[in-house]
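The residues making up each chain are set out below.
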Amino acid sequence: MSRRTFYIIAAIWFILVVIAVAASFLPVVDPATQAEVRKYLAFVVIIGALCLMLIRKRVK
């Protein structure tokens, strides 16, 4: 995997995490969705970070 591909994957993951954090705290989103997003937010961040660390080892 090239370094450029890794940076693209990392940027997409970061954008998705920012969207998830915004969805869990903005008042525009209904409370049921906020609660559901907050329930899985830590799981998504931890698993995503671990995956990026494992992918980083494969970058040339």
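Residues numbered from 1 in each chain as written. Predicted model: local features only at pLDDT ≥ 70, side-chain atom pairs only at ≥ 80, totals over all residues. Heavy atoms only, no water.

Note on placement: C51 falls in helix α2 (residues 31–56). The exposure class assigned to C51 is partly exposed, which follows from its relative accessible area of 40%. Separated by 41 residues in sequence, C51 and A10 have C-alpha atoms that sit 9.9 Å apart. (Helix = DSSP H or I, 4+ residues; strand = E, 2+ residues; numbered from the N terminus. Buried < 20%, exposed > 50% of the residue type's maximum accessible area, 1.4 Å probe, protein only.)

It is worth spelling out the packing of helix α1 (residues 3–25) against α2 at this point. As a packed pair, α1 and α2 sit with axes 9 Å apart at the nearest point and diverge in direction by 165 degrees. The orientation of α1 with respect to α2, classified from their angle, is roughly antiparallel. α1 and α2 meet at a crossing whose hand is left-handed. Judged by residue contacts, R3, F6, I9, A10, W13, V17, A20, V21, A23, S24 and F25 of α1 engage Q34, V37, R38, L41, V44, V45, G48, A49, L52, I55 and R56 from α2. (Axes fitted to C-alpha atoms, helices over the stretch in contact; angles between N-to-C directions. Parallel < 35°, antiparallel > 145°, perpendicular 65-115°, else oblique. Left-handed = near helix turned anticlockwise from the far one by under 90°. Contact = heavy atoms within 4.5 Å.)

This structure, assessed with the given rule, holds one aromatic pair. On the numbers, 5.9 Å between centres and 55 degrees between planes, the contact of F6 with Y7 is tilted. The exposure class of Y7 is partly exposed, given its relative accessible area of 46%. (Phe/Tyr/Trp six-rings, centres within 6.5 Å; stacked < 30°, edge-to-face > 60°.)

The subject of this paragraph is a nonpolar patch on the surface. Judged by side-chain polarity, I8, I12, F14, I15, L16, V18 and I19 come together as a nonpolar surface patch covering roughly 690 Å² of accessible area. Structurally, V18 can be placed in helix α1. Here V18 falls in the partly exposed class, since its relative accessible area comes to 41%. (Patch = residues over 30% accessible without salt bridge, like charges linked within 9 Å, V, L, I, M, F, W, Y side chains within 5 Å. Areas by Shrake-Rupley, 256 points an atom, 1.4 Å probe, with all protein chains shown as cover. Salt bridge = Lys/Arg side-chain N within 4 Å of Asp/Glu carboxyl O.)

By themselves, these figures tell us nothing about what the structure is for.
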